[in-house]
Amino acid sequence: MNRGIKNLRYALIIIPALIAIYVYSYADYELFTLHFLLLLLIVTLSERLSGPLQALAGGIELLYTAWLFYQYGNLMIFPAISALLYYSRLERRFVSLLFFCAHVAALNIALSGFEPLARVYINLTFLLSAYLNELLYRSGRGRDDTLFLYDELRKKHFELEEARSRLQQFASQVESTAQAEERVRIARQLHDDIGHRLIRVKMMTEAAIHTLPHSPETGMGMMSQIRDQLSASMDEMRAAVRQISYAPQLEGAYALDRLLEELGRDTGIETSYNVQGQPYPLYPSIQVVLYKNAREAITNALRHGKATAVWITLSYSGHEIVMEVGNNGARPETDPLSRVQGAGGMGLKGMDERTSLIGGTLALRLEPEFTMITRLPVYRQGG
């Protein structure tokens, strides 16, 4: 029971008692005061009770107010309304209804000596008060329900904000993991490809130094091979340096578009880029995986498939984003993904690990052209 109802209950007892002292003449005002002090004591104690004792206090109060009405006249209808405010707010509604019926019966017993018209007025006043009290009760319950729903929504909002914060932290961790993985891959590339090539150049240079004095033509042929090897090493070194640059990787579709643009400018092959569906912002982790998978697929197409044309198709839908990277190069006889778990296929293994890390799948299509397909689940960012 809220503070406003409690104050109203005391007002319905004290104010009519003071008015009755000046309006009516009683033989013993001390006894009248004692009766009202007992009622105030019952009201005060009932506010501190709970469970069955609370219902018992409500029953005592309604009987006592009916007796006061019998003893001191019409103004005592207001203490009866005060009791109505109390027992109507008991937890069990059927108990409240039972008390109301008993209260009406007790009041009508107290009214047995009154004129019929007065009895009608008193009953109408009590019933109207009960109706207004019910409206007040429902309004209060509606307000309490609204506050409860507001608290629940606020709680859910905080939970969603916390989940969003954890998701962003996870995306940052995925991004950092992808960067570390890329550094390891580039280090392996420098060691395996460029390092071995430079060792071969060193050995060919030593052989050329010994061959030139005795066989100039053979020595010059070896020098030409050394020049070609150095040129290829420089190209691979430039490619590795471009891969270290991390800036365009967080720009989503534009990074893929720029990737194809740079590829066409550097190699002269034919490129195309298509977007299907309505684009929307992506989390950085998704952008990183798409960019790295596309770059790896293109590198494999040029290195192993000898492709002269590559293309990327990015399809947006409500629950996932699909990237297809295709080329017109030579197709392998077997599915390369079946060898990912083996010792070879470091590039494909990295693509598969990146994709699986954020709940996606990696697949390929051999017909009509060789196409790598990356499917990633999408979680929309807030406005």
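Residues numbered from 1 in each chain as written. Predicted model: local features only at pLDDT ≥ 70, side-chain atom pairs only at ≥ 80, totals over all residues. Heavy atoms only, no water.

K.L.:
Sorry if this is basic, but what is going on with the pattern of salt bridges here?
P.N.:
Two side chains carrying opposite charge are able to pair once their charged atoms lie near each other. Enumeration over the complete set of coordinates arrives at eight salt bridges. Between arginine 9 and glutamate 61 there is a salt bridge; the shortest N-O distance is 3.0 Å. Pair noted here: arginine 9 is in helix H1 (residues 3-23) and glutamate 61 is in helix H3 (residues 52-72), with a separation of 52 residues, a long-range link. Given the relative accessible area of 0%, arginine 9 is considered buried. When its relative accessible area of 0% is taken as the criterion, glutamate 61 is described as buried. Taking the shortest distance from any N to any O, the salt bridge between lysine 156 and glutamate 159 comes out at 3.8 Å. Of this pair, lysine 156 and glutamate 159 both sit in helix H6 (residues 116-211), separated by three residues, roughly a single helical turn. (Salt bridge = Lys/Arg side-chain N within 4 Å of Asp/Glu carboxyl O. Helix = DSSP H or I, 4+ residues; strand = E, 2+ residues; numbered from the N terminus. Buried < 20%, exposed > 50% of the residue type's maximum accessible area, 1.4 Å probe, protein only.)

K.L.:
What's the story with the confidence of the model for the protein chain in this structure? I'm lost.
P.N.:
On average, residues of the protein chain score 81 in pLDDT, and 88% of them reach the 70 mark or higher. Predicted confidence in the protein chain is weakest over helix H7 (residues 216-244), with a mean pLDDT of 75, and strongest over strand E3 (residues 320-327), with 92. For residues 246-254, every residue scores under 50 in pLDDT, and the model assigns this stretch 23 contacts once sequence neighbours within four places are set aside. The low-confidence segment residues 340-344, where pLDDT is below 50, has seven contacts with residues more than four positions distant or belonging to other chains. (pLDDT = per-residue confidence, 0-100. Contact = heavy atoms within 4.5 Å.)

K.L.:
Please explain the sheet that holds strand E1 (residues 270-276) as it appears in this structure.
P.N.:
Sheet strands pair via backbone hydrogen bonds, and the direction of the pair is either parallel or antiparallel. Read across the sheet, five strands follow the order E1-E2-E3-E5-E4 without closing on themselves; strand pairing throughout is mixed. This sheet does not close on itself; its edge strands, each paired only once, are E1 and strand E4 (361-365). Shown here is a sheet whose adjacent strand axes are inclined to one another by a mean of 15°, direction ignored. Sheet analysis places E1 next to strand E2 (residues 309-316), joined by seven bridges and oriented parallel. (Pairing = 2+ DSSP bridges. Axes fitted to C-alpha atoms, helices over the stretch in contact; angles between N-to-C directions.)

K.L.:
For this particular structure, what's the right way to read the environment of isoleucine 186?
P.N.:
Relative to the helices and strands, isoleucine 186 is located in helix H6. Residues isoleucine 186 and methionine 237, 51 residues apart in the sequence, show an inter-C-alpha distance of 10.0 Å.

K.L.:
Would you take a moment to explain the environment of threonine 218 for this structure?
P.N.:
Its place among the elements puts threonine 218 in helix H7. Its relative accessible area of 43% is what places threonine 218 among the partly exposed residues. Remark: the alpha-carbon pair of threonine 218 and alanine 208, spanning 10 residues in sequence, is separated by 8.1 Å.

K.L.:
Help me understand the packing of helix H2 (residues 29-46) against H3, please; the structure alone is not making it clear to me.
P.N.:
When two helices pack together, their arrangement is given by the angle between their axes and by how far apart the axes lie. With their axes 10 Å apart at the nearest point, H2 and H3 run at an angle of 160° to one another. Comparing their axes, H3 and H2 come out roughly antiparallel. In the packing of H2 onto H3, the handedness of the crossing is left-handed. Each of Leu31, Phe32, His35, Leu38, Leu39, Ile42, Val43 and Ser46 in H2 lies in contact with H3, whose residues at this interface are Ala57, Ile60, Glu61, Tyr64, Thr65, Trp67, Leu68 and Tyr72. Across the contact of H2 with H3, the residue classes tally to 12 nonpolar, three polar and one charged. (Parallel < 35°, antiparallel > 145°, perpendicular 65-115°, else oblique. Left-handed = near helix turned anticlockwise from the far one by under 90°. Nonpolar A, V, L, I, M, F, W, Y, C, P; charged D, E, K, R; others polar.)

K.L.:
Just checking my understanding: could you explain the packing of H1 against helix H4 (residues 77-87) for this structure?
P.N.:
Running from N to C, H1 and H4 point in directions that differ by 160°, and their axes come no closer than 8 Å. Classified by the interaxial angle, the pair formed by H1 and H4 is roughly antiparallel. As H1 packs across H4, the resulting crossing turns out to be left-handed. Residue-level contacts link Ile5, Leu8, Arg9, Leu12, Ile13 and Pro16 of H1 to Phe78, Pro79, Ile81, Ser82, Ala83, Leu85 and Tyr86 of H4. The residue inventory of the contact of H1 with H4, partitioned by class, reads 11 nonpolar, one polar and one charged.

K.L.:
Looking at this model, I keep getting lost on the packing of aromatic side chains. Mind explaining?
P.N.:
Here a ring pair, both rings aromatic, is described through the centre-centre distance and the interplanar angle of the planes. Evaluation of the coordinates by the stated rule reveals seven aromatic pairs. When the ring of phenylalanine 69 is compared with that of phenylalanine 114, the centres are 5.6 Å apart and the planes differ by 25°; the resulting orientation is stacked. One end of the pair, phenylalanine 69, is in helix H3; the other, phenylalanine 114, is in the loop between helix H5 (93-110) and H6, and 45 residues separate them in sequence. Among the aromatic residues, those joined into a cluster by ring pairs are Phe32, Phe36 and Tyr72. (Phe/Tyr/Trp six-rings, centres within 6.5 Å; stacked < 30°, edge-to-face > 60°.)

K.L.:
Mind showing me how you'd approach unusual backbone geometry here?
P.N.:
Glycine aside, a negative phi is what most residues show, and trans is what most peptide bonds show. A cis geometry characterises the amide bond from glutamate 367 onward to proline 368, with omega recorded as -5°. Of note, proline 368 is situated in the loop between E4 and strand E5 (370-377). The phi dihedral of lysine 306 falls on the positive side, at around 50°, and the residue is not glycine. Checked against the element boundaries, lysine 306 lands in the loop between helix H9 (284-303) and E2.

K.L.:
Would you take a moment to explain the pairing of E4 for this structure?
P.N.:
Looking along a regular strand, one sees the side chains alternate between the two faces of the sheet. Of the two faces of E4, the one holding Leu362 and Leu364 is buried and the one holding Thr361, Ala363 and Arg365 is not buried anywhere. Pairing geometry for E4 and E5, over five bridges, is antiparallel. Note that in E5 the partner of alanine 363 across the bridge is isoleucine 373.

K.L.:
How should the nonpolar core be read in this particular structure?
P.N.:
Generally speaking, soluble globular proteins have nonpolar side chains that are buried together. Counting residues in hydrophobic clusters, the biggest one holds 39 residues, and the most contacted among them are Phe32, Phe69, Met76, Ile77, Tyr87, Leu107 and Phe126. Secondary-structure elements contributing two or more residues to this core are H1, H2, H3, H4, H5 and H6. For this core, the element with the most residues is H4, which contributes eight residues. Residues contacting phenylalanine 126, with those up to four places away along its chain left out, are Ile77, Ala80, Ile81, Leu84, Tyr87, Phe100, His103, Val104 and Leu107. Counting residues in each nonpolar core, the second largest holds 33 residues, with Leu260, Ile298, Ala307 and Leu364 among its members. (Core = buried A, V, L, I, M, F, W, Y, C linked by side-chain atoms within 4.5 Å.)

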